[in-house]
Amino acid sequence: MSETLANLSSESRQFPPPEALAAAANVKAEAYEEAAGDRLAFWAKQADRLTWAKKWDQVLDWSNPPFAKWFVGGELNIAYNCVDRHVEAGRGDKVAIHWEGEPGDTRTITYAELLKLVSQAANTLTDLGVGAGDRVAIYLPMIPEAAVAMLACARIGATHSVVFGGFSVEALATRIADADAKLVITADGGYRRGKPSALKPTVDEAVAKSPSIENVLVVRRTGQEVAWTDKDKWWHETVEQASPEHKAQPFDAEHPLFILYTSGTTGKPKGILHTTGGYLTQVSYTHDAVFDLKADTDVYWCTADIGWVTGHSYIVYGPLSNGATQVMYEGTPDTPGRDRFWQLVDKYKVSILYTAPTLIRTMMKWGDDIPAGYDLSSLRILGSVGEPINPEAWMWYRKNIGRDRCPIVDTWWQTETGGVMISPLPGVTATKPGSAMTPLPGITADVVDDQAQSVPNGGGGFLVLRDPWPSMLRTIWGDDKRFLDTYWSRFGAGAGQGDEWIYFAGDGAKKDEDGALWLLGRVDDVMLVSGHNISTTEVESALVSHPSVAEAAVVGATDPTTGQAIVAFVIPRGNVDIEGDVGDQLNAELRNHVSKTLGPIAKPRQIMLVAELPKTRSGKIMRRLLKDVAERRSLGDVTTLQDSAVMDLISAGMKTSKSED
Ligand code: WT7
């Protein structure tokens, strides 16, 4: 059998859970056995966390794979579960959201106040002719109204489609058209990098191209001047004047809850469809299990934007269904200063922090002294999501933020999976820096070769999911065929191999000697060097393990002798000078460092020292563009790039740099 994906790195550091945390953990080791014994009974028990208006008849209907139905016949209301029931249980005065605007203005919203706002918004949506089954586009900054709008849609059975507030007219218009949305909820603007940033002009242009839109509901956030059309209604003149009484009706467990478009780093966006009962069951359970949430005492903060699935599942639906108190922050981490996050952790006494590797590496680049100036002793659990976290970034996070006390949960999942799938449990797992460790109880993940055979420990291959899970996507909106082709046709029954339906996540992974899982990035990014499949993640992590490196991106560029050759783009840490000779010396040192860490096969042909890397708006490195640069081609599609000036800088540097050896 030929090697599917090389396993080059090895990691021997391991961190068992703190004893006190383990003793009081919400979920203990028995959960794995319990779920393995009877997976469906396990998920049925987790569904009992929720309040159902009508109990289900069947946990899972998998008779028409890969189209799953969970909790068949059950009925519930999502907003009732996230808001009303906490108020009815006497927790109306508990803070749901400590909101902090970028300029420093704040709002404190209790569960009772949230109920009022969601009820008013539900009444307004109904008045505007929006009903169960209709689609609503939400294009808002990180303000409480974003969560209120989502919950109001859920409350009346309308399906929301949140479009990230940084996306263009074209992106918004195509998403409105694909979902055939009736209403847009937006704002005049939001604060970003110290100034108001307008949203309404983008909506105006998109709506002009969108015949399906009947009304536009506009939150006044910045007070900036806005153009007005007869479709526009102010939020404060409608929602805030509406009746606060609204009785939530139950909906079927498979009622569509939301569509969220994902493009990954390439391709036409796919409208990922999530439904009601299974989705809420898994996000509620995983939020409780993975973050060990103690709703009475914890202050939780997820730094994602509500426009991504992380914001849907772990700002809105997971935490609120669990009655959590959370921080929500409008702005960027460097406004007014690079200490903003640590100032907020200190101010609100945040105990659970959930963020992304791109941010952790940025903080590394900015320097250790910034968090060192703050009291972070309230923190007890740290989370990471969105990309593989390099072992050294993990160690930096543990030491400088967690002060060597807090377990780190590296959570692997996708827009498509809806909720966390692979992660340590903070009271159970002895974690390894850079590994997402093991599938959660009730989840079946595996690493396979190209024949769908499970690879042995120590081997690498493709990450797959072998059993349906409650919060799985149900289809791609309006395109069942693309759903089948994209996720189910590579392995198993959908590929004509056997009867088992196997979901292919698109990621490479390996199992270490203990069977722990290491994510190796998208398989499209894997490099083929002299006949070896090498993951970009391993080479990037080797580079980041050098004390001078904060961040690295690696691509395979066409090479006449080796097929592909490794080209690395590296951002040095804050204290490193990259000018002139120091740069050249560092360059040679880094190439040797990789060769020593992973073996000579992984030695980069060329290293570019750069100030920034091209990233998507959600912080993922766009290796495709770097490959264009490395192969000296003109750039491909740059529309999802966060900052397009970055590419000009990198291309200019590449033209003047010389290849070595
Ligand atoms: C892709 C999904 C999950 C919410 C945010 C991203 C990568 C995500 C990890 C992790 C390694 C990760 C994968 C995955 N990814 N989390 N902990 N370790 N890789 O959602 O935009 O749908 O992206 O992000 O490649 O397939 P998404």
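The coordinates are above.
Residues numbered from 1 in each chain as written. Predicted model: local features only at pLDDT ≥ 70, side-chain atom pairs only at ≥ 80, totals over all residues. Heavy atoms only, no water.

Caption draft 1: Expanded view of the overall build of the protein. Counting its secondary structure elements, the protein contains 20 helices and 30 strands. In terms of C-alpha radius of gyration, the protein reaches 24 Å, essentially the compact-globule figure of 26 Å for 661 residues. Along the three orthogonal principal directions, the C-alpha set of the protein runs to about 75 × 60 × 50 Å. Taking all 661 residues of the protein together, the buried fraction comes to 62%. Long-range pairs, those at least 24 residues apart, make up 71% of the contacts in the protein between residues at least 6 apart in sequence. Surface accessibility of the protein: about 24,000 Å² in total, with carbon and sulfur atoms responsible for 50%. (Helix = DSSP H or I, 4+ residues; strand = E, 2+ residues; numbered from the N terminus. Rg over C-alpha atoms; globule rule 2.2 N^0.38 Å. Buried < 20%, exposed > 50% of the residue type's maximum accessible area, 1.4 Å probe, protein only. Contact = heavy atoms within 4.5 Å. Areas by Shrake-Rupley, 256 points an atom, 1.4 Å probe, with all protein chains shown as cover.)

Caption draft 2: Region of the structure containing the sheet that holds strand 4 (residues 95–100). Across the sheet, which stays open at both edges, the seven strands sit in the order 5-4-17-16-18-19-20 with mixed pairing between neighbours. Edge positions in the open sheet fall to strand 5 (106–110) and strand 20 (408–410), since each of these has one partner strand only. Taking the axes of each pair of neighbouring strands and ignoring which way they run, one obtains an average angle of 15° across the sheet. In this structure, strand 19 (residues 381–384) lies alongside strand 20, joined through three bridges in parallel fashion. When the sheet's bridge partners are listed, Gly383 is paired in strand 20 with Val409. (Pairing = 2+ DSSP bridges. Axes fitted to C-alpha atoms, helices over the stretch in contact; angles between N-to-C directions.)

Caption draft 3: Local environment of the sheet that holds strand 23 (residues 475–476). With respect to topology, eight strands assemble into an open sheet ordered 12-11-8-6-7-14-15-23, the strand pairing being mixed. If you trace the sheet from one side to the other, it starts and ends with strand 12 (232–234) and strand 23, each paired once. Two elements, strand 15 (residues 270–275) and strand 23, share two bridges in a ladder whose sense is antiparallel. Residue pairing in the sheet places Ile272 in a bridge with Ile476 of strand 23. Lying over the sheet, helix 6 (residues 144–156) contacts strand 6 (135–139), strand 7 (159–162), strand 8 (183–187), strand 11 (215–219) and strand 14 (256–262), oriented at roughly 175° with respect to strand 6. On the sheet, helix 11 (residues 309–321) packs against strand 7 and strand 14 and is oriented at approximately 145° with respect to strand 14.

Caption draft 4: Broad picture of the side chain of Ser595. Tracing the backbone through its elements, the reader meets Ser595 in helix 18 (residues 580–598). On the basis of relative accessible area, Ser595 is assigned to the buried category, the value being 19%. Not counting residues up to four positions away in its chain, the partners in contact with Ser595 are Pro600 and Lys603.

Caption draft 5: Region of the structure containing the site of the ligand. In the vicinity of the ligand there are 17 residues, among which Asp410, Thr411, Thr415, Asp507 and Arg522 approach most closely. Thr411 places a main-chain nitrogen or oxygen 2.8 Å from a nitrogen atom of the ligand. For the ligand, whose free accessible area comes to 560 Å², the fraction covered by protein is 90%. Mapped onto the shell around the ligand, the elements with two or more residues apiece are helix 11 and strand 25 (517–522). Partitioned by chemical class, the residues of the shell around the ligand number six nonpolar, five polar and six charged. (Near = heavy atom within 4 Å. Polar contact = N/O pair within 3.5 Å; in protein donor to acceptor, adjacent residues only side chain to side chain. Nonpolar A, V, L, I, M, F, W, Y, C, P; charged D, E, K, R; others polar.)

Caption draft 6: Just the packing of aromatic side chains, in detail. Following the criterion strictly, the structure yields 33 aromatic pairs and no others. Taken together, a centroid distance of 5.5 Å and an interplanar angle of 70° make the contact between Trp488 and Tyr503 edge-to-face. Of this pair, Trp488 sits in the loop between helix 16 (480–487) and strand 24 (503–511) while Tyr503 is found in strand 24, placing the two residues 15 residues apart along the sequence. Grouping aromatic residues by their ring pairs yields a cluster made of Trp62, Phe67, Trp469, Phe483, Tyr487, Trp488, Trp501 and Tyr503. The ring of Trp56 carries the charged tip of Lys55 above its face, separated from the ring centre by 4.2 Å. The ring of Phe462 carries Arg490 above its face, with NZ or CZ at 4.7 Å from the centroid. (Phe/Tyr/Trp six-rings, centres within 6.5 Å; stacked < 30°, edge-to-face > 60°. Lys NZ or Arg CZ within 6 Å of the ring centre and 35° of its normal.)

Caption draft 7: Molecular detail of the environment of Val464. Examined against the element boundaries, Val464 turns out to sit in strand 22 (residues 460–465). Taking the relative accessible area as the measure of exposure, Val464 reaches 0% and is therefore buried. C-alpha separation for the pair Val464 and Ala96, spaced 368 residues apart in sequence, amounts to 36 Å. Setting aside residues no more than four positions away along its own chain, Val464 makes contact with Thr444, Ala445, Asp446, Val448, Phe491, Ile502, Tyr503 and Phe504.

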